[in-house]
Amino acid sequence: MSPLSAVLAALRVYAAGVAVMLTQLLRRCRGGFVEPVFPRQPDRVAIVTGGTEGIGLATCRHLARLGMRVIIVANHEANGQEVVRKIKEETLNEKVEFLYCDLGSLRSVREFVCTFKEKKLPLHVLVNNAGVMMVPQNKTVDGFEKHFGLNYLGHFVLTNLLLDTLKASGCPGRSARVVTVSSATHYVGKLDMENLQSSGSYSPHNAYAQSKLALVLFSYHLQKLLAAQGSHVTANVVDPGVVNTNLYKHVFWGTRLFKKLFAWWFFKTVDEGAWTSVYAAVTPDLEGVGGLYLYNEKKTQSLAVTYDLELQEQLWARSCQMTGIVDVTRDVFSG
Ligand SMILES: NC(=O)c1ccc[n+]([C@@H]2O[C@H](COP(=O)([O-])OP(=O)(O)OC[C@H]3O[C@@H](n4cnc5c(N)ncnc54)[C@H](O)[C@@H]3O)[C@@H](O)[C@H]2O)c1
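Residues numbered from 1 in each chain as written. Predicted model: local features only at pLDDT ≥ 70, side-chain atom pairs only at ≥ 80, totals over all residues.

The protein carries the name Polyprenol dehydrogenase in an unreviewed UniProt entry, which gives Molossus molossus as its organism. UniProt, in the comment section headed Pathway (unreviewed entry), describes the protein in these words: "Protein modification; protein glycosylation." Quoted straight from UniProt, the Sequence similarities (unreviewed entry) entry for the protein says "Belongs to the short-chain dehydrogenases/reductases (SDR) family." (UniProt positions renumbered as here; feature names shortened; annotations may be inferred.)

A. Structural view of the pairing of strand β4 (residues 125–128). The side-chain alternation of β4 yields two buried faces, one formed by V125 and V127 and the other by L126 and N128. Direction of pairing for β4 relative to strand β5 (residues 176–181): parallel, over a ladder of 4 bridges. Bridge pairing in β5 places V127 opposite V179. In this region the chain leaves β4, passes through helix α5 (residues 146–169) and returns to the parallel neighbour β5; the handedness of that crossover is right-handed. (Buried ≥ 20, exposed ≤ 12 C-beta atoms within 10 Å, placed from the backbone. Helix = DSSP H or I, 4+ residues; strand = E, 2+ residues; numbered from the N terminus. Pairing = 2+ DSSP bridges. Right-handed = clockwise from strand over helix to strand, strands pointing away.)

B. Summary view of the site of the ligand. The environment of the ligand is formed by 28 residues, the closest being G50, G54, G131, S183 and T245. For the shell around the ligand, the element with the most residues is helix α2 (residues 54–65), which contributes 3 residues. (Near = placed C-beta within 6 Å.)

C. Main features of the nonpolar core. Ranked by size, the top nonpolar core spans 97 residues in total, and within it A46, L63, V70, I72, A214, F218 and A281 carry the most contacts. Contacts of L63, omitting those with residues within four sequence positions, involve A46, M68, V70, V278 and A281. (Core = buried A, V, L, I, M, F, W, Y, C linked by C-beta atoms within 7 Å. Contact = placed C-beta atoms within 7 Å.)

D. Expanded view of the environment of G170. The topology assignment puts G170 in the loop between α5 and β5. Sequence separation between G170 and S231 is 61 residues, and the spatial gap between their C-alpha atoms is 7.7 Å. Once you skip the residues sitting within four places of it in the chain, G170 turns out to touch S175, A176, S231, H232 and V233.

E. Broad picture of the environment of L225. Looking at the secondary structure, you find L225 in helix α6 (residues 204–228). Residues L225 and A235, 10 residues apart in the sequence, show an inter-C-alpha distance of 9.9 Å. If near-sequence neighbours (up to four positions away) are discounted, L225 is found in contact with T329 and V332.

F. A look at the sheet that holds strand β2 (residues 69–74). The strand order across the open sheet built from 8 strands is β3-β2-β1-β4-β5-β6-β7-β8, with neighbouring strands paired in mixed fashion. Two strands lie at the open edges of the sheet, namely β3 (96–100) and β8 (298–300), each paired on one side alone. Pairs of neighbouring strands in the sheet enclose a mean axial angle of 25 degrees, with direction left out of account. Bridge count between strand β6 (residues 233–239) and strand β7 (residues 293–295): 3 bridges; the pairing is parallel. From the neighbouring strand, V237 faces β7, where its bridge partner is Y293. The strands touched by helix α4 (residues 106–118) within the sheet are β2 and β3, with β3 carrying the most contacts at an inclination of about 145 degrees. Each of β5, β6 and β7 touches α6; the most contacted strand, β6, lies at about 160 degrees to it. (Axes fitted to C-alpha atoms, helices over the stretch in contact; angles between N-to-C directions.)

Here it is in structure tokens:
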């Protein structure tokens, strides 16, 4: 990517963020966000990646309050145990635990899945929430560009390895659900199939937006696959809005200052940011419904290219090649 393209990518990402913040400000002025009410979820099991901080932590707290068994997954053991203690204390739900997984290491993802499966638990909700944003150029343990490797490929492998448990746990009228957290930046993302690793001149903005665009394409293709297999599992993608979290630690200092001064007006709180994830995870309105892009607990359109079936298939096939996941897509759709 040329330096000019990198600047344009940054401007596109900031423009997308500003547009969302202005709509959030308008909504706050008109009375703000009203907490949705969800039915209790006893006997349901959820895994939430990145559940130790920000939107993921708020998601775990909501699900625990609804009576779910919640498995918090992240790459900081000490943090994780502390978060478990706090959530148990706040929600009086004892069925909350932490399991280590570094989504930037496919080996760690596989080890996590083995540990989880040894527990012989069902799995009703998988929230693919963890992420990093605009980090300096860096690679995951497996040599993938950090955003693409961690935000996208880590969740691609995790979901694929948990599909058998999700399928066994869903039943007619009570589907299991995969909820994947994307972002409004996907609207300005470009998926370069010839350069998924963002090699050459690096744009952290483009790399982040690309990973979030890949997650939308992945979620739609997953839904198609699950429906074709006649499974009782659905896949939806959610956009939390612009939320006041630590995700912004690598952005331009002026943006961090703006966030510090004006977050109350322009940013959602972590609870508000988590509502769409929780909605997708538990609302009866979405029973059996998948393949949606949800924003503010409502269905909305994602970028036009995300509906390109050929691109969805190409990305899925390439992701399988990159990670060693068996590509069952062709057999399912041809048979
Ligand atoms: N905050 C926003 O405005 C915003 C906007 C749109 C989308 N999102 C998305 O929401 C999700 C949550 O973001 P957040 O704002 O709560 O950020 P955050 O930085 O507060 O939390 C990120 C979480 O991801 C976990 N994580 C990071 N690297 C990991 C790794 N290698 N392995 C396992 N876990 C890892 C962290 O431990 C943390 O729990 C992200 O996917 C982000 O892209 C956030």
